[in-house]
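# Structural overview for review
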Amino acid sequence: FGRMKPVIVVHGGAGRIFKEREEGSRAGVVRAALRGYGILKQGGSALDAVEEAVQSMEDDPHFNAGCGSVLNEKGEVEMDAIIMDGKNLDSGAVSAVKCIANPIKLARLVMEKTKHMLLTDCGAHLFAQAMGIPEIPGEKLITQRSQERWKKNLEPDSNPEEFQKDLGTVGAVAIDSEGNVACATSTGGLSNKMIGRVGDTACIGSGGYADNHSGATSTTGHGESIMKVVLARLILYHMEQGMSPEMAADTALDYMKTRVGGLGGVIVVSNSGEWAARFSTKQMSWATVKDDQLHFGIYAGERHTKSVDEALISESEGF
């Protein structure tokens, strides 16, 4: 029937993942990938799958998105998110949003219920209200860890740059059985960032890009560097020139490193169902499911493989 085999790839952020958080990061990306794959397996859309996977990580305090987001200089959570449909290049994004649990849901609504692509701050807030998205108290999103790190970064001799290496933007890309691709990315941004700072995540072509003609990608890492090279679009450009997802990802990451000194990570799926998870940082938590096989890792060269059935069993037993 010429139906595609569905594929999903997710990342939980590139940077440095502290030993005591590895377990949680691995479990979190695996859970997200399995959830997204569950939707694809039932014939669901790539769009629904990436939204579901990202929502799962927004709800997980191990990641810098939704609950667990880092704090800005004033000690508040301000979040950015984007989603994109490879079929018609429709996209929806929100930036600097506060007091909602799942910015990715709001980004999807921007895409589907407005003529616009990006809503920010109080405009996004009014739109969320109009759409009936429940508002939650800001402190509900703040974990003890984010709070401690924020305080540490306020100390006169602190170096927030040092802590920003542990970034944790989350993202997902997928191809569904119809051959449509999609991407989604969500983040709390940089620790102790200026109020109103928006990074790459909400910017189309930087934080993510999806086009059925080539594939889909979601990025993570130093936002300003990613924006300078428009990383997500750059990767797809290389694929349009005939590179494999892995080669395209490495070439683009290498360019970002040599040209602007920026480090990051990316996940990619091509329109033929090939995938890659690559990074120039020390680590990036990632997971993918293809052909009912789950693959996941955190360190360069690390790749575990399990059957989906086996993974779902240990998932229900709580790892």
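The name given to the protein chain in an unreviewed UniProt entry is Isoaspartyl peptidase/L-asparaginase, and the organism recorded there is Hemiprocne comata. Looking at the Sequence similarities (unreviewed entry) heading of the UniProt record, one finds this comment for the protein chain: "Belongs to the Ntn-hydrolase family."

### Here's the deal with the side chain of His11
On the secondary structure map, His11 appears in strand β1 (residues 7–15). Polar side-chain contacts of His11 include one of 3.3 Å to the backbone nitrogen of Gly13. Of the polar contacts made by the side chain of His11, one reaches the backbone oxygen of Thr169; its length is 3.4 Å.

### A word on the packing of aromatic side chains
For the structure shown, the criterion picks out 1 aromatic pair. With 5.6 Å between their ring centres and 35° between their planes, Trp275 and Trp286 make a pair best called tilted. One end of the pair, Trp275, is in strand β10 (residues 275–279); the other, Trp286, is in strand β11 (residues 283–290), and 11 residues separate them in sequence. The buried category is assigned to Trp275, whose relative accessible area is 18%.

### Concerning the UniProt feature "active site" (unreviewed entry) in the protein chain
The sites that carry the UniProt feature "active site" (unreviewed entry) are, in the present numbering, Thr169. The residues contacting Thr169, other than those within four sequence positions of it, are His11, Gly12, Gly13, Asn64, Thr185, Ser186, Thr187, Thr201, Thr219 and Thr220.

### Quick word on the sheet that holds strand β13 (residues 304–307)
The strand order across the open sheet formed by 9 strands is β4-β3-β2-β6-β5-β1-β11-β12-β13, and the pairing between neighbours is mixed. The open sheet terminates on both sides in strands that have one partner only, identified here as β4 (118–120) and β13. With direction set aside, neighbouring strand axes in the sheet form an average angle of 10°. Relative to strand β5 (residues 170–175), β1 runs antiparallel, the two sharing 5 bridges. Considered in β5, the bridge of Val7 is made with Ile175. Against the sheet, helix α4 (residues 121–130) contacts β3 (90–97) and β4, and its axis sits at roughly 105° relative to β4. Along the sheet, helix α10 (residues 308–316) makes contact with β11, β12 (293–299) and β13, crossing β13 at roughly 90°.

### Some words on the state of the cysteines
By definition, a disulfide links two cysteine residues through a covalent bond between their sulfur atoms. Scanning the entire structure with this criterion turns up 0 disulfides. With no disulfide partner, Cys99 has as its closest neighbouring cysteine sulfur the one in Cys122, 13 Å distant. Residue Cys122 is classed as exposed on the basis of its relative accessible area of 53%.

### Details of the UniProt feature "binding site: substrate" (unreviewed entry) in the protein chain
Following the UniProt record, one finds the feature "binding site: substrate" (unreviewed entry) at Arg197, Val198, Gly199, Asp200, Thr220, Gly221, His222 and Gly223. Narrowing the list just given to those that line the second largest cavity leaves Arg197, Gly199, Asp200, Gly221 and Gly223. As for its position among the elements, Thr220 is in strand β8 (residues 215–221). On the basis of relative accessible area, Thr220 is assigned to the buried category, the value being 1%. Take His222: it is sitting in the loop between β8 and α7 (223–229).

About the criteria used
- Residue indices begin from 1 for each chain and proceed along its sequence in written order.
- Where local features are concerned, this predicted model is filtered to residues with pLDDT of at least 70; where side-chain atom pairs are given and counted, the filter is 80 or more; whole-chain, interface and lining totals use all residues.
- To get the side-chain values, take all heavy atoms of the structure and skip hydrogens and water.
- UniProt positions are given in the numbering used here, feature names are shortened, and annotations may be inferred rather than shown by experiment.
- A run of H or I in DSSP counts as a helix once it spans at least four residues, and a run of E counts as a strand once it spans at least two, with each numbered from the N terminus.
- Within 3.5 Å is the distance limit for a polar contact, defined as a pair of N or O atoms, with the added protein rule that one can donate a hydrogen and the other accept it, and that residues adjacent in sequence qualify only through two side-chain atoms.
- Pairing of aromatic rings covers Phe, Tyr and the six-membered ring of Trp, with a centre-to-centre limit of 6.5 Å; geometry is then stacked below 30 degrees between planes, edge-to-face above 60, and tilted otherwise.
- Note on exposure labels: buried denotes an accessible area under 20% of the residue type's maximum, exposed denotes more than 50%, and partly exposed covers the range between, all computed with a 1.4 Å probe on protein chains only.
- Throughout, a contact is declared for two residues whenever any of their heavy atoms are within 4.5 Å.
- Between any two strands, pairing holds if DSSP finds at least two bridges.
- As a rule, the C-alpha atoms of each element are fitted with a line to give its axis, helices using only the stretch in contact, and angles between N-to-C directions run from 0 to 180 degrees.
- Sulfur atoms of two cysteines make up a disulfide when they are within 2.5 Å.
- Using protein atoms alone on a 1 Å grid, points that fit a 1.4 Å probe yet trap it form a cavity, whereas open point sets bounded by protein on both sides within 12 Å along at least five of seven lines form a pocket; residues with an atom within 4 Å of a point count as lining.

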